[in-house]
Amino acid sequence: MVAGTEVRHPIADPSGQPTGRRRRLVPVLLVVGWLVGVGWRMWLSRHVPLPIAHTDEDSYLHTARALAGGPGGFSSENGPLRRVGYPLLISPAFLGERDFTDSYRLVQLINAVLNATVLPLAYLLVRRLVPVRRAVALAAAAVAATLPATVFYASVAMIDAVLTPLVLAWLLAVHHWVRRPGPLAAAGVGALVGVFHLLHSRGLVIVGVHVGLVLLLFLRRRTTPGQVLAAVLPVLVLALVNEAVIRLLGDRIYLLGDPPGGGTVRAVASGAGLLRVGAAVATQLWYLVVITFGLAGIAWAGAVRLLLRPIPAPASPSALSSAPASASAPASASAPASASAPASASAPASASAPASASVLSSATPATPAAPVGTSAAGGGSAADEAATRWTVGVAVVTSVGVAAGASVILAGITSKPLDAIYGRYVQMLAPFWLLVGVAMLVTATPRVRWRRAAVAAGVLLAGATLIAARLAWVAGRGHELRYGGFGAPDLMALTGGWREFRPFTGAAVAVAGCLLLVAAVRSPRLRVPVLAALVVVNLGTMQVITDRLVRPMVAATAPTPRVADLGVRPGDRVWASLGVQWVLRFNLSHQVTWADVRWFVDNPPADADVVLVRWAPGAPDDWDGDRHGFVRLGGNPEQHWAAWRRR
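Residues numbered from 1 in each chain as written. Predicted model: local features only at pLDDT ≥ 70, side-chain atom pairs only at ≥ 80, totals over all residues. Heavy atoms only, no water.

(A) Representation of the overall build of the protein in the model. The secondary structure content of the protein amounts to 22 helices and seven strands. Out of the 647 residues belonging to the protein, those deemed buried represent 56%. Sequence-distant contacts in the protein: of pairs separated by 6 or more residues, those separated by 24 or more amount to 78%. (Helix = DSSP H or I, 4+ residues; strand = E, 2+ residues; numbered from the N terminus. Buried < 20%, exposed > 50% of the residue type's maximum accessible area, 1.4 Å probe, protein only. Contact = heavy atoms within 4.5 Å.)

The following block contains the structure:
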């Protein structure tokens, strides 16, 4: 971090056209960008007609179908961690009578519409945090919106598609609440936290962070008892909604997951267990730095310095809830980013007031008498600095908490090998840290940029060394850590590590990207082109992921022909044999939209009209339907499945 006098002045918007016209252009660009983002995500989804992320997708889809009034099915969830928010969201796709593929396309559309809102949310967030030009903010938002960690899960029925924009909305709401305390702002933050809890068990970490935030704000007299109630009540209401919907579903959804318990405790209740969990946490955080080209490391270096600075004394709760801004601030704290106020980040520095500087880059505390930081949204520097500090602090705790919580839960699943890396749970935080990293590059002096880049490089190299040592230690004991496509698809594409984890290659890619960014952003003219180049890199990475990972997975998991083409029709009572490979069995079952397809071992139930069984000509486990009174309708001997109808 640097002193306030070392921070570069914010760059004023070019004056080539009227300011009002430029401000009207930004919403148009955001809407157009959102529409393009929806179209791009649907274009990426064109290769995915059936689920590929089993068994999570199957669980969500069965629950959504049941909520829409259709048949139920299994869920791989367990009781304590069961959530119904995402199935509620996608349940309209299953209303009416339509082919499963059509419903699945509607789910992908819902994902795309919500996932693409990362663009406007990222723009609003970066404009609140730092005084940068609108063009830079738009470019940074485009990078965040096209990041593979943001986009990848929009093509499948996975909750991760909506968690990323929800993270940005939540942190934006936290910033607004601290900056302008009030019951509505508190209720908004509480509602978003409640939605987290309704959507996924990761919401438990968010709820814990939220409770800590509310208590700290109250103890530091930054909020009132009424606001505390407003912040907590929505969380409780949505938790009750989750339980009510679960009871409404009843036994139409049957759970196959094991509740976390003794296995989880045993996995971490030892020195070795804690070391394994610590290594997994470090791997996930290192992964965030790699996939953001070092920007997350730059952001963390600045965040730690920001959080260690003395905190300005707050005003009284009554003043915070009633006064919109400091009496000494000429601009209203609630003025939108486009308002033509003297404190606007895009306006040239006034001769009568100090030029505004980013609170993310200032190392000296702001005081009302001598402001050193004003957000892009306008308002008093002390309120802006406090809001940024609290928002960044919340994000830091959340990042560590989510990584730790995921590592503990995964360590307790003893039926499968441990993961070499499983970045899915922290991916939702990548866009935020990328935006903060861009902000800290743009607003800092060259010396500070290189200092932060050195910190990021150190994190990358230390993390790669730790990961390589962990892999070697496990291999030396005759074991291997699981490494799959859904663990870190973007890391696979960036390092070419489709079959093996390449930590030093990942570190090298991120260090190179980080150094290039630091060198390029020194020139204001290069900032937008460099960020645009990152967008191109993201687009290319997603195309590589699609070609090398997604399409082969679809080819391996899509059964052909369709059951409808074999004469299986609505009303048929369909059962599936456990002899059919499980992924094919699930995707065959999805095509039976009118019933829950249950499983049998060898002898079909007496009420079965059609059975889906193993077809392996010449093999001892080839299912013989003749002896059970069935006639084969067809199937695919290469995929080892067939459909038989009772005579």
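(B) Structural view of the pairing of strand β3 (residues 574-577). Summarising the sheet, β3 and strand β5 (residues 610-613) pair through three bridges and their orientation is parallel. By the bridge assignment for β5, Trp575 is matched with Val611. Relative to strand β4 (residues 598-600), β3 runs parallel, the two being bridged by three bridges. The residue of β4 that forms the bridge with Trp575 is Arg598. One crossover worth recording links β3 to the parallel β4 by way of helix α22 (residues 582-590), and it is right-handed. (Pairing = 2+ DSSP bridges. Right-handed = clockwise from strand over helix to strand, strands pointing away.)

(C) How the structure looks around the sheet that holds β4. Ordered in space as β4-β3-β5-β7-β6, the five strands form an open sheet in which the pairing is mixed. Here the strands that pair on one side only, and so sit at the sheet edges, are β4 and β6 (630-636). Ignoring which end each strand starts from, the neighbouring axes of this sheet average 30° apart. As defined by bridge partners, β5 adjoins strand β7 (residues 641-646) across four bridges and the pair is classed as antiparallel. (Axes fitted to C-alpha atoms, helices over the stretch in contact; angles between N-to-C directions.)

(D) Local environment of the packing of aromatic side chains. Within the structure shown, the criterion is met by 17 aromatic pairs. Here the aromatic rings of Phe74 and Phe586 are separated by 5.0 Å at their centres, their planes lie at 40°, and the arrangement is tilted. Of this pair, Phe74 sits in strand β1 (residues 73-75) while Phe586 sits in helix α22, and the two are 512 residues apart along the sequence. With a relative accessible area of 7%, Phe586 lands in the buried category. Members of the aromatic cluster, connected to one another through ring pairs, are Phe74, Trp582, Phe586 and Trp599. The ring of Trp43 has Arg46 lying over it, and the distance from NZ or CZ to the ring centre is 3.8 Å. (Phe/Tyr/Trp six-rings, centres within 6.5 Å; stacked < 30°, edge-to-face > 60°. Lys NZ or Arg CZ within 6 Å of the ring centre and 35° of its normal.)

(E) Highlighting the packing of helix α4 (residues 100-115) against helix α8 (residues 160-179). Between α4 and α8, whose axes approach to 8 Å, the crossing angle comes to 15°. One element, α4, and the other, α8, form an angle in the roughly parallel class. At the point where α4 passes α8, the crossing takes the left-handed sense. Across the interface between the two elements, Asn111, Leu114 and Asn115 from α4 touch Ala161, Val162 and Pro165 from α8. (Parallel < 35°, antiparallel > 145°, perpendicular 65-115°, else oblique. Left-handed = near helix turned anticlockwise from the far one by under 90°.)

(F) Main features of the confidence of the model for the protein. Chain-level pLDDT for the protein is 86 on average; 85% of the residues reach the 70-or-more range. Segment residues 1-17: pLDDT under 50, and 54 contacts once partners within four positions in sequence are set aside and those in other chains are kept. This stretch, residues 362-380, has a pLDDT under 50; its non-local contacts, to residues over four places away or in other chains, come to 73 contacts. (pLDDT = per-residue confidence, 0-100.)

(G) The arrangement of helix α20 (residues 503-520) in detail. Helix length check: α20, at 18 residues, gives a terminal C-alpha distance of 26 Å against a target of 26 Å (1.5 Å per residue), a fit within 8%. Those residues of α20 that fall on the buried side of the exposure criterion are Pro503, Gly506, Ala507, Ala510, Val511, Gly513, Cys514, Leu517, Val518 and Ala520. Lining the buried residues of α20 we find α13 (271-291), α14 (295-308), α17 (430-442), α18 (446-475), α19 (489-495) and α21 (524-557). (Expected span 1.5 Å × (residues − 1).)

(H) Geometry of the nonpolar core. Counting residues in each nonpolar core, the largest one holds 159 residues, and the members touching the most others are Tyr86, Trp170, Trp177, Trp286, Phe432 and Trp433. The element that contributes the greatest number of residues to this core is α8, accounting for 13 residues. With near-sequence residues (within four places) excluded, Trp177 lies in contact with Gly182, Ala185, Ala186, Val189, Leu213, Val214, Leu217, Thr223, Gln227 and Ala231. In terms of nonpolar packing, the next biggest core, distinct from the first, is built from 15 residues, Leu566, Ala576, Val592 and Trp641 among them. (Core = buried A, V, L, I, M, F, W, Y, C linked by side-chain atoms within 4.5 Å.)

(I) Quick look at a nonpolar patch on the surface. Residues Leu88, Leu229, Val232, Leu233, Leu236, Val237 and Val241 make up a contiguous nonpolar surface patch of about 550 Å² in total accessible area. Here the element with the most residues in the nonpolar patch is helix α11 (residues 225-249); it accounts for six residues. Tracing the chain through its elements places Val237 in helix α11. (Patch = residues over 30% accessible without salt bridge, like charges linked within 9 Å, V, L, I, M, F, W, Y side chains within 5 Å. Areas by Shrake-Rupley, 256 points an atom, 1.4 Å probe, with all protein chains shown as cover. Salt bridge = Lys/Arg side-chain N within 4 Å of Asp/Glu carboxyl O.)

(J) Focus on unusual backbone geometry. Residue His54 is joined to Thr55 through a cis peptide bond whose omega torsion reads 5°. Along the chain, Thr55 turns up in the loop between α1 (19-44) and α2 (56-67). Going from Thr560 to Pro561, the amide bond is cis rather than trans, its omega being -5°. Within the fold, Pro561 resides in the loop between α21 and β3. Even without glycine at this site, Phe293 takes up a positive phi of about 55°. Within the secondary structure layout, Phe293 lies in the loop between α13 and α14.

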